[in-house]
Structures are given as structure tokens and as C-alpha cells.
Amino acid sequence: MNLRLSHRLLFVLCLILSTIQPLSASEPDRFKPTGFQIYYGSDQQVLDQLQQQILPGQVIVVELRGLSTAQIQKLAARAHELKAIVIAYLSVGELGQIEQQKFQQYLKQSAPQTTLADLTLSKNETFQSWHMDVSQPAWRDFLKQRIKQIYQLPVDGLFLDTIDSVDLYISNKEWSVPRRVQSVTAMVSLIREIKAVNSEKFIMQNRALNLIGKTVFVGDATGVFVPGLNLKQAHPHNPDGLLWESAYMHTGDWIESKEREMIQIQKQGFTSVFTLGYTDTKADRKQFFQKSHAAGFIPAWGSSTTRLHLEPTESE
């Protein structure tokens, strides 16, 4: 190779290398949560209090249906000013009374041969809502339509609640094991489809600890293993956050194994683990925060799950 050609190739190589940036530099900085607040109400005084307590890195979970557009815009603007984010509550595994009329209307227009009874398993008497079968296309389509509406507002993601309806699928003795598998795998795929709607949005999953590992056991004395979310590994459409609600309330082999699993998930750094404790449970507040901090989890405390629409959660 002659010297002139060598210089020309070297120049071309340098030109190519100069246009390549490291992956970390070319990608936008990933949001790293350091705290969170939950408030499902719309009282302006409480919203003002919540805004005063916003800190950088916080995830603010709100229920949009009771808020005006102006309230949402004000909260989001304050959060973004402080480098925090606002995410919207979405019930994935249950249909609440507020949404029932909208869903019935949706069925009439989009799936007239389908009734609400075709899609429900049982009723949640505590919250007067219905456990839904997420394998049913009508329910999945309704949720995705709702997500598109939410994303028209200045929110940064979604808080996926009632995912733990999947526990009913796993234990439903009226269904054969293959039928249970259908709905369990549908929940896993739905979570990822929601994330895929807009991968830049922050998605937090509440509970459903059965799904967080590499596999999910479906059955009774005998059964089968199906793929879980495997939150210890990177996946472009896995949730960004996992909330362990009512953390440290129960003991036993299963929950202790899940706690160890969540510690590993937190260490891997692909999904951040949050904990929420309540005064009206067996959990000791001081121990709750000590254990959460020791594990690297992101904790918050509330008086009761039934009062989140009246008062926001608080940090230590």
C-alpha cells in the first residue's frame, strides 16, 4: 500500500470515528428515582402541600380523573422545574365504578356481542370494583384507548395498579391450567405493551410479585412454568419501577424469597424497587424504613390504603 493511500484511509477512518459517540452520551439521561408520593384526591390544599414537598428525583403518582387540566399542568410544571416526574394512576386488572359506565358504552360501540359478565372474574368488595380478565381483547383495547387519552396531558408515565389480579388467574380452580396460563401470559404481555406505547414514559407496576421473576408457576399441586417479567434482566419494555405495597407486613418462605429477589432487582438497576407501608397494618414504621434503606429500596408511608384519596403519602 503506498503512503498516499495510507494517509487517505487514515483520514477517512478518523472522520468516521469522530461522528461516533459513546452510547451513554448519545442517549438521553435516564430518570433515576430517589423518592415518591402518592395522592389520589383533588383537594387543592392537599395538592398545594404535595407540590411544596416535591424533591428532585421524586415520582408523583396522581389520579387524573378528579383533576382539572389546569391542576395537572400546574403540578407537572412544578415537578419538572424540580426534576421530578408526574405519573398517572391506571387500574389494569380491575374496573372501578367511575370507569364502569364508560366501559359499558365502549362495549356497545366496539364489542356489542360482549357483556361485562364475559370479562369479569369476581368483585372486589373493599373498593367496589370488578376483577377483569386481561386476556380479553375488549378490555385491552379499552385500556390502550385510555392510555392515549392520558398521554395527551403533561404526564410522564403511568402507575399500573391492580396487576395483582393475576394472582386470581393463577389460583382459579374453575379454569384448567392452560386457561390460567392464557391469562397469566396475557398480563405479562399487556404490561410490556403498555410500556411500548411510549418507551420514554416511566412505568411503575404495583405488586404482582408473582410476575417479577424469570418464570411464573401456574397450577396447584402440579402445573407449569411460564415466562415472567424477569426484572433482574434488561428488557426494553419492562416496567421502570416496581412498588411493593404493604411491604414487610407478612412473613413466610414465599414473601421472603420475593424480598431477596427484589433486592437483586434493585441491585441490577433495570427496575427501581419502591416500598409503601401503612399505619393500619402490622408493619412497624421505624423498622419499615430501616429495612427499606438497607435493601436500597425507595420508601414512603401512608396511614391506610383507603385514605390515599384524602392525604398524600410521606417520606421518613
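See the structure printed just above.
Owing to the predicted nature of the structure, the values given are computational and were not obtained by experimental measurement. (Residues numbered from 1 in each chain as written. Predicted model: local features only at pLDDT ≥ 70, side-chain atom pairs only at ≥ 80, totals over all residues. Heavy atoms only, no water.)

**Student:** Teacher, can you tell me more about the side chain of Asp 240 here?
**Tutor:** Counting through the fold element by element, Asp 240 comes out in the loop between strand 10 (223-227) and strand 11 (241-245). Exposure remark for Asp 240: the relative accessible area of 12% places this residue in the buried category. If we ignore the near neighbours within four places in the chain, the residues touching Asp 240 are Arg 30, Lys 195, Lys 201, Phe 202, Ile 203, Phe 270, Thr 271 and Ser 272. (Helix = DSSP H or I, 4+ residues; strand = E, 2+ residues; numbered from the N terminus. Buried < 20%, exposed > 50% of the residue type's maximum accessible area, 1.4 Å probe, protein only. Contact = heavy atoms within 4.5 Å.)

**Student:** Could you clarify how one ought to interpret the packing of helix 3 (residues 44-52) against helix 4 (residues 69-81) in this entry?
**Tutor:** Two elements in contact, helix 3 and helix 4, have axes whose closest approach is 10 Å; the angle formed by their N-to-C orientations is 15 degrees. When the interaxial angle is binned, helix 3 and helix 4 end up roughly parallel. Handedness of the crossing formed by helix 3 with helix 4: right-handed. Contacts between helix 3 and helix 4 involve Gln 44, Leu 47, Asp 48, Leu 50 and Gln 51 from the former and Gln 71, Lys 74, Leu 75 and Arg 78 from the latter. Here the contact of helix 3 with helix 4 is built from residues that sort into three nonpolar, three polar and three charged. (Axes fitted to C-alpha atoms, helices over the stretch in contact; angles between N-to-C directions. Parallel < 35°, antiparallel > 145°, perpendicular 65-115°, else oblique. Left-handed = near helix turned anticlockwise from the far one by under 90°. Nonpolar A, V, L, I, M, F, W, Y, C, P; charged D, E, K, R; others polar.)

**Student:** Where do I start with the environment of Ala 294 in this structure?
**Tutor:** Structurally, the position occupied by Ala 294 is in helix 11 (residues 285-295). Under the relative-accessibility criterion, Ala 294 is labelled exposed at 72%. The sequence separation of Ala 294 and Ile 263 amounts to 31 residues, and the corresponding C-alpha distance is 9.5 Å.

**Student:** It is not clear to me how the pattern of salt bridges should be interpreted in this structure. Could you clarify?
**Tutor:** Pairs may arise between side chains of opposite charge once their charged atoms sit close together. Throughout the structure, instances matching the rule amount to 16 salt bridges. Residue Asp 133 pairs with Arg 179 through a salt bridge whose shortest N-O separation is 2.5 Å. Taken together, the residues Asp 133 in the loop between strand 6 (129-132) and helix 7 (137-150) and Arg 179 in helix 9 (residues 177-197) connect sequence positions 46 residues apart. The partner of Arg 140 in a salt bridge is Glu 193, with the nearest N and O atoms 3.0 Å apart. Separated by 53 residues along the polypeptide, Arg 140 in helix 7 and Glu 193 in helix 9 bring together distant segments of the chain. Since its relative accessible area comes to 10%, Arg 140 is described here as buried. Glu 193 gets classed as partly exposed once you look at its relative accessible area, which sits at 29%. (Salt bridge = Lys/Arg side-chain N within 4 Å of Asp/Glu carboxyl O.)

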